[in-house]
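# Structural characterization, general
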Amino acid sequence: MNMYVSNLSFHTSEDDLRKMFEQFGAVSSAKVIMDRETGRSRGFGFVEMGADSDGEAAIKGLNGKDIDGRAMSVSVAREKAPRPTNKRW
DNA sequence: TATGAGCGA
């Protein structure tokens, strides 16, 4: 279960994401996307959980939750970019 | 340095 997490605050780390999602199950990976131009957070990230049932629980439990002043949004992620590098969808 | 609609290098 790969999930897309958006509306994060700019200083929320992937470790913060991992800790939050681990309340609902085992987290395989957690990533916060950084702006390649500025090196700063883009305010969204991805979390992958081993069990899809835990993923559903995490979405229900964390979607809309207020984290660091922002109501973060959690949903199922799309497929990763098929090709490497710079193409804006 | 940069910032807020969105899907990763």
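Our subject is the structure listed above.
Below is a short write-up of the structure. (Residues numbered from 1 in each chain as written. Chains lettered and ligands numbered in written order. Predicted model: local features only at pLDDT ≥ 70, side-chain atom pairs only at ≥ 80, totals over all residues. Heavy atoms only, no water.)

### Quick word on the packing of aromatic side chains
Taken as a whole and assessed by the stated rule, the structure comprises three aromatic pairs. A ring pair is formed by Tyr4 and Phe44, whose centres lie 5.6 Å apart and whose planes are at 55°; its orientation type is tilted. Of this pair, Tyr4 sits in strand S1 (residues 2-6) while Phe44 sits in strand S3 (residues 41-49), and the two are 40 residues apart along the sequence. Tyr4 sits in the partly exposed class, given a relative accessible area of 30%. Relative to Phe46, the ring of Tyr4 has its centre 5.5 Å away and its plane inclined at 45°; by these criteria the two rings are tilted. (Phe/Tyr/Trp six-rings, centres within 6.5 Å; stacked < 30°, edge-to-face > 60°. Helix = DSSP H or I, 4+ residues; strand = E, 2+ residues; numbered from the N terminus. Buried < 20%, exposed > 50% of the residue type's maximum accessible area, 1.4 Å probe, protein only.)

### Notes on the pairing of S3
Regular strands place side chains that alternate from one sheet face to the opposite one. Bridge count for S1 against S3 is four bridges, and the pairing is antiparallel. When the sheet's bridge partners are listed, Met3 is paired in S3 with Val47. In this sheet, S3 lies alongside strand S2 (residues 27-34) in antiparallel orientation, the contact comprising six bridges. Across the sheet, residue Ser29 finds its bridge partner in S3, namely Glu48. The antiparallel hairpin formed by S2 and S3 contains six residues in its connecting segment, where Gly39 sits at a positive phi of about 75°. (Pairing = 2+ DSSP bridges.)

### Overview of the nonpolar core
Within the largest apolar cluster, 16 residues are counted, with the highest numbers of intra-cluster contacts made by Met3, Val5, Leu17, Phe21, Val47 and Val74. Those elements that place two or more of their residues in this core are S1, helix H1 (14-21), S2, S3 and helix H2 (52-62). When sequence neighbours within four positions are dropped, the list of residues in contact with Val47 reads Met1, Asn2, Met3, Val5, Leu17, Phe21, Val27, Ser29 and Ala30. (Core = buried A, V, L, I, M, F, W, Y, C linked by side-chain atoms within 4.5 Å. Contact = heavy atoms within 4.5 Å.)

### A short note on the environment of Glu79
You can see Glu79 is positioned in the segment after strand S6 (73-76). Put simply, Glu79 and Asn2 are 77 residues apart on the chain and 8.9 Å apart in space, counted from C-alpha to C-alpha.

### Looking at unusual backbone geometry
The phi dihedral of Asn7 falls on the positive side, at around 65°, and the residue is not glycine. In this fold, Asn7 is placed in the loop between S1 and H1. What makes Asn7 partly exposed here is its relative accessible area of 40%. Although it is not a glycine, Asp68 sits at a positive phi angle of roughly 55°. Take Asp68: it is sitting in the loop between strand S4 (66-67) and strand S5 (70-71).

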